[in-house]
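Observations on the model geometry
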Amino acid sequence: MVKRRTYKHSRAAMLKTLILAAAAFLFFASCTTIEGAYPDGSKLAKSDSHPFGNKSEARTAAAYADGKEAEGEIIRRGDRELLVSDGYIVPTQIQEMIVNSGIRLTETGNLVVNGQEFPADCTGTVLAAYWGAGLNPVKYFHLYSGNGVQRLNDMGEDYGLNYMDALPSPGDVIIWDNTYDKDGDGKWGDPYTHAGVVISVSENGQITYLHYNYAKGVVLEKMNLIKPDEYTDENGELVNSPLRLRADRHIKPDAWLASHLVRGFIPLYEYPGIGD
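Residues numbered from 1 in each chain as written. Predicted model: local features only at pLDDT ≥ 70, side-chain atom pairs only at ≥ 80, totals over all residues. Heavy atoms only, no water.

**Points about the sheet that holds strand β8 (residues 206-213)**
Put simply, the rule is: The pairing criterion for strands is at least two bridges between them, as found by DSSP. In this text, helices come from DSSP runs of H or I with a minimum length of four residues, and strands from runs of E with a minimum of two, each type numbered from the N-terminal end. Fitted lines through C-alpha atoms give the axes, limited to the stretch in contact for helices. The angle between two N-to-C directions lies from 0 to 180 degrees. The criterion used for residue contact is that any of the two residues' heavy atoms lie within 4.5 Å.
Taken together, 5 strands build an open sheet; the order of strands is β9-β8-β7-β6-β10 and the sheet is antiparallel. Edge strands, defined here as strands with exactly one partner in the open sheet, are β9 (217-224) and β10 (262-266). The sheet shows a mean angle of 35° between the axes of neighbouring strands, taken without regard to direction. Alignment of β8 against β9, held across 8 bridges, turns out to be antiparallel. Pairing of I207 across the sheet is with M223, part of β9. The strands touched by helix α3 (residues 122-131) are β6 (173-176), β7 (194-201), β8, β9 and β10; relative to β7, the strand with the most contacts, the crossing angle is about 45°.

Structure (structure tokens):
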């Protein structure tokens, strides 16, 4: 009888180990959302055609052409115009809708938006925030290949939307590289490993962003590209959140903060047809 009980305990321990291993796999694949997981059931396959054809027509009207009245100072960042008031970039109407949708995700504790459930990973979080604002990026996922993060990136790249700036716009998608050793080769160089959404930006570069934290779920964290090497300030306030998986930080010990790993930003709400 003792041997039998020991055997059962061993099976239980083995089962527990397998469950933990599966959970670990899901984390490492957390931004590789697969076919069938999206609202319209799009198959994730590559296509050479796009219903909007001419990529030169990608950019929409000026960011503040939505009729929203706001006061503040206009600053130019390349071809972008930003309205700054009370020390923060003022979101446009559609940007504010994305931001509010994203904040609601942190309050509900799940990725169910208007009855639609999204995958519990970084891509699912971005899609859920956009879905709550009436936008559906995944409608065009079948035109691109790769994991969910790469598809988001390539959607913007296809229409000249991707950019890099210390002052991004609220509502923009964030793409990060090298947040973990994706291919397990023990080397640096893993693109498209994580995604999130810009929630707010101060004029001194302090960014609050939304993303899926593997341990905490959907959370708000910090990033500052003007002060990329600062973890906390002199008062102990967080400046840049850790983002590189702790187990992989030995590969490049000085690159572990969100600011070290960011690839760029995408105003994906400007993608043609995304709100239709």
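**Points about a negative patch on the surface**
Note the following rule: Excluding any residue in a salt bridge, patches collect residues exceeding 30% relative accessible area, merging like charges within 9 Å and nonpolar Val, Leu, Ile, Met, Phe, Trp and Tyr side chains within 5 Å. Here, Shrake-Rupley sampling with a 1.4 Å probe gives the accessible areas, and only protein chains in the shown set may cover a residue. Whenever Lys or Arg places a side-chain nitrogen within 4 Å of a carboxyl oxygen from Asp or Glu, that contact is recorded as a salt bridge. Under the convention used here, Asp and Glu are negative, Lys and Arg are positive, and both His and the chain ends fall outside the count. Here the site of a charge means NZ on Lys, CZ on Arg, CG on Asp, or CD on Glu. Type-normalised accessible area, obtained with a 1.4 Å probe on protein chains alone, sets the label of each residue: buried when under 20%, exposed when over 50%, and partly exposed for intermediate values.
Together, D229, E230, E234 and D254 give the surface a local cluster of negative charge. Within the fold, D254 resides in the loop between β9 and α5 (258-261). According to the relative accessible area criterion, D254 is exposed, its value standing at 67%.

**Concerning the nonpolar core**
Spelled out, the test is: Among buried residues, the Ala, Val, Leu, Ile, Met, Phe, Trp, Tyr and Cys ones that are joined through side-chain atoms within 4.5 Å form a nonpolar core.
By size, the foremost hydrophobic cluster in this structure holds 37 residues, and its most contacted members are L105, Y130, L152, V173, I175, L268 and Y271. Where this core is concerned, the elements lending two or more residues are α2 (93-108), α3, α4 (148-158), β6 and β7. If one sorts the elements of this core by residue count, α3 sits on top with 6 residues. Core analysis: the next-biggest nonpolar cluster, separate from the first, contains 20 residues, V84, L167, A255 and F265 among them.

**Digging into the pairing of β7**
A large share of β7 lies buried, amounting to 7 of its 8 residues. Across 5 bridges, the pairing between β7 and β8 is antiparallel. If you follow V201 over to β8, its bridge partner there is I207. Between β7 and β8, which pair antiparallel and follow one another directly, the connecting turn spans 4 residues, one of which, G205, has a positive phi of 95°.

**Considering the environment of L210**
Along the chain, the position of L210 falls in strand β8. L210 sits 107 residues away from I103 along the chain, and the two C-alpha atoms are 7.8 Å apart. Setting aside its immediate chain neighbours within four residues, L210 contacts G102, L105, T106, T125, A129, G196, V197, I199, V218, V219 and L220.

**Observations concerning the pairing of strand β2 (residues 80-85)**
Both strand β1 (residues 73-77) and β2 contribute to a ladder of 5 bridges, which runs antiparallel. Directly across from R76, in β2, lies its bridge partner E81. Remark: 2 residues form the turn of the hairpin made by β1 and β2, two consecutive strands paired antiparallel; G78 in that turn has positive phi of roughly 65°. The sheet contact formed by β2 and strand β3 (residues 88-89) spans 2 bridges and is antiparallel. By the bridge assignment for β3, S85 is matched with Y88.

**What about the packing of α2 against α3?**
As a reminder of what qualifies: Comment on the angle field: the value is read as roughly parallel under 35 degrees, roughly antiparallel over 145, roughly perpendicular from 65 to 115, and oblique elsewhere. By definition, any crossing whose near helix is turned counterclockwise from its far helix by less than a right angle is left-handed, and any crossing with a clockwise turn is right-handed. Here the nonpolar group is Ala, Val, Leu, Ile, Met, Phe, Trp, Tyr, Cys and Pro; Asp, Glu, Lys and Arg are the charged ones; every other residue, Gly included, is treated as polar.
Viewed as axis vectors pointing N to C, α2 and α3 meet at an angle of 125°, and their least axial separation amounts to 7 Å. Here α2 lies oblique to α3, going by the angle between them. Of the two possible hands of crossing, α2 and α3 adopt the one that is right-handed. Contacts between α2 and α3 involve I98, S101, G102 and L105 from the former and T125, A128, A129 and Y130 from the latter. Grouping the amino acids of the contact of α2 with α3 by side-chain chemistry returns 5 nonpolar, 3 polar and no charged.

**Comments concerning the side chain of S259**
In this structure, S259 sits in helix α5. Residue contacts for S259: discarding those within four places in its chain leaves M223, N224, L225, P228 and N240.

**Considerations on the packing of aromatic side chains**
Centre-to-centre distance and the angle between the planes together describe a pair of aromatic rings. How we decide: Two aromatic rings from Phe, Tyr or Trp, using only the six-membered ring of Trp, form a pair when their centres are within 6.5 Å; if the ring planes differ by under 30 degrees the pair is stacked, by over 60 it is edge-to-face, and anything between is tilted.
With the rule as written, the count across this model stands at 6 aromatic pairs. With a centroid separation of 5.3 Å and an interplanar angle of 45°, the aromatic rings of Y140 and Y271 are classed as tilted. Here the residue Y140 occupies a position in the loop between α3 and α4, and Y271 occupies one in the segment after β10, the gap between them amounting to 131 residues. In terms of burial, Y140 and Y271 fall into one category: buried. Ring pairing ties together the aromatic residues Y140, Y159 and Y271, which thus form one cluster.

**Some remarks on the sheet that holds β3**
Strand order in the open sheet formed by 3 strands is β1-β2-β3, and the pairing between neighbours is antiparallel. Two strands bound the open sheet, and with one partner strand each, they are β1 and β3.

**A look at the confidence of the model for the protein chain**
Our working definition: The predictor rates its confidence in each residue with pLDDT, a number between 0 and 100.
For the protein chain, the mean per-residue pLDDT works out to 82, and 75% of the residues sit at or above 70. Within the model, pLDDT remains below 50 along residues 1-30, and this stretch shows 7 contacts once partners closer than five positions in the same chain are excluded. Note on residues 32-67: pLDDT is under 50 here. Beyond four places in sequence and across chains, it has 77 contacts.

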